[in-house]
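A closer look at the structure
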Amino acid sequence: MKIDMELKPGDVVLLKVLACVLILFFMARFLIFPGMEKHQDLVAKKDDLTIEKQEMQYTISSKASTEKKIVTQKENLKKAQEGFYDLMENREVDSLITGLALKHDLFPVYLNIEDPVAGVPVAYQLSEASDDSAENSSAEESQSTLPYVQYVNTTTVTITLQGQEVQIRELLDDIAKNYPGIQVRSFDMQSGTYVDSSLQKTEQMNCNCVLAVYTCGELSNTKGE
């Protein structure tokens, strides 16, 4: 059978149409679509830069008010910290408590300073939470729901003082009135008979006190010496 290899006019037209379709396809695939994607990327980048520019302009325009707000916050923080102490090493706590005792002519017989612990005293938190908790709820359950308070630390100090009862009571009153950064957790007074330097018997009072010294600041891994 002899194959007819001659192209008819209709075949030529079809080939031309097919060639045009292929040209359009490759143009769309390699020129138009990439151009559209690039245009969309540029539009997205433009939008991001516009937003960033607006944020920068707002930051610049609000610089004065922001600085004023920072100053106000620092002043408020300073007022809130009045009467309380910055982070202290054990020797500084020793100097503070011993100085108070000597101020009232008391003799420190024993002194123990524990490492500071972060957080507000549990007793204060429980007293605030007890109003909203049920009567049959335990203290542990109430404590577990309390928020953690940062940058407030408690250093527990146990001290035994020797002196007259009136001097001890003056010390406790002085702490309560003039030292909001120190709290007397507990105290126990017992009288005793001692011999003074002239070999005379004298009555002295021993007071075992547990104090809490509150400090402001973030605790680090370094413990005070």
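The model shown is predicted, which means the values in this text are computed figures rather than measured ones. (Residues numbered from 1 in each chain as written. Predicted model: local features only at pLDDT ≥ 70, side-chain atom pairs only at ≥ 80, totals over all residues. Heavy atoms only, no water.)

1. Quick notes on the overall build of the protein
Within the protein, the regular secondary structure consists of six helices and six strands. Reading the secondary structure of the protein in the N-to-C direction produces α-α-β-α-β-β-α-α-β-α-β-β. A separation threshold of at least 6 residues defines the contact pool for the protein, and within that pool the share at least 24 residues apart is 76%. (Helix = DSSP H or I, 4+ residues; strand = E, 2+ residues; numbered from the N terminus. Contact = heavy atoms within 4.5 Å.)

2. A few points about the nonpolar core
One finds Ile 97, Val 157, Ile 168, Ile 175, Ile 182, Leu 211 and Val 213 to be the most contacted residues of the largest nonpolar core, which totals 23 residues. Looking at this core, the elements with two or more residues in it are helix H3 (90-103), strand S4 (152-163), helix H6 (165-178), strand S5 (182-195) and strand S6 (201-216). Val 157 has contacts with Val 93, Ile 97, Leu 111, Asn 112, Ile 113, Cys 209, Val 210, Leu 211 and Val 213, leaving out every residue within four places of it along the chain. (Core = buried A, V, L, I, M, F, W, Y, C linked by side-chain atoms within 4.5 Å. Buried < 20%, exposed > 50% of the residue type's maximum accessible area, 1.4 Å probe, protein only.)

3. Concerning H6
Its 14 residues give H6 an end-to-end C-alpha distance of 20 Å, which sits within 8% of 20 Å, the value for a rise of 1.5 Å per residue. Those residues of H6 that fall on the buried side of the exposure criterion are Gln 167, Ile 168, Leu 171, Leu 172, Asp 174 and Ile 175. Considered in projection along H6, the buried side chains sweep an arc of 155° and stay on one side of the axis. Of the residues in H6, the exposed ones pointing more than 90 degrees away from the buried face are Val 166, Ala 176 and Lys 177. (Expected span 1.5 Å × (residues − 1). Arc of directions from axis to C-beta.)

4. Overview of the confidence of the model for the protein
Low-confidence regions, as indicated by low pLDDT, have predicted coordinates that should not be scrutinised in detail. For the protein, the mean per-residue pLDDT works out to 77, and 74% of the residues sit at or above 70. Below a pLDDT of 50 lies the segment residues 126-148, which in the model reaches 11 contacts outside its immediate sequence neighbourhood of four places, other chains included. (pLDDT = per-residue confidence, 0-100.)

5. Details of unusual backbone geometry
Positive phi, normally seen in glycine, also occurs at Asp 105, with a value near 60°. Since its relative accessible area comes to 60%, Asp 105 is described here as exposed.

6. Brief notes about the pattern of salt bridges
A full pass over the atoms with the stated rule returns three salt bridges. Between Asp 174 and Lys 103 there is a salt bridge, with its nearest N and O atoms 3.0 Å apart. Highlighted residues: Asp 174 in helix H6 and Lys 103 in helix H3, separated in sequence by 71 residues. Residue classification places Asp 174 among the buried positions, given a relative accessible area of 8%. Where Arg 169 meets Glu 165, a salt bridge forms, and the shortest distance between an N and an O atom there is 3.0 Å. You can see Arg 169 and its partner Glu 165 sitting in helix H6, four residues apart, about one turn around the helix. Using a relative accessible area of 41% as the deciding quantity, one classes Arg 169 as partly exposed. (Salt bridge = Lys/Arg side-chain N within 4 Å of Asp/Glu carboxyl O.)

7. Some details on the pairing of S4
In terms of residue burial, S4 counts as a mostly covered element, since nine of its 12 residues are buried. Summarising the sheet, strand S3 (residues 117-118) and S4 pair through two bridges and their orientation is antiparallel. Across the sheet, Ala 118 pairs through a bridge with Asn 153, a residue of S4. Of the strand pairs in this sheet, S4 and S6 are connected by 12 bridges, and their pairing is antiparallel. Directly across from Ile 159, in S6, lies its bridge partner Cys 209. (Pairing = 2+ DSSP bridges.)

8. Here's the deal with the environment of Asp 173
In this structure, Asp 173 sits in helix H6. The exposure class assigned to Asp 173 is partly exposed, which follows from its relative accessible area of 44%. In this structure the C-alpha to C-alpha distance between Asp 173 and Val 184, which are 11 residues apart in sequence, comes to 10.0 Å.

9. Describing H3
Taking 1.5 Å as the rise per residue, H3 with 14 residues should run 20 Å; its terminal C-alpha atoms sit 20 Å apart, in good agreement. Within the span of H3, buried status applies to Asn 90, Val 93, Leu 96, Ile 97, Thr 98, Leu 100 and Ala 101. After H3 finishes, the residue Asp 105 shows a positive phi value of roughly 60°.

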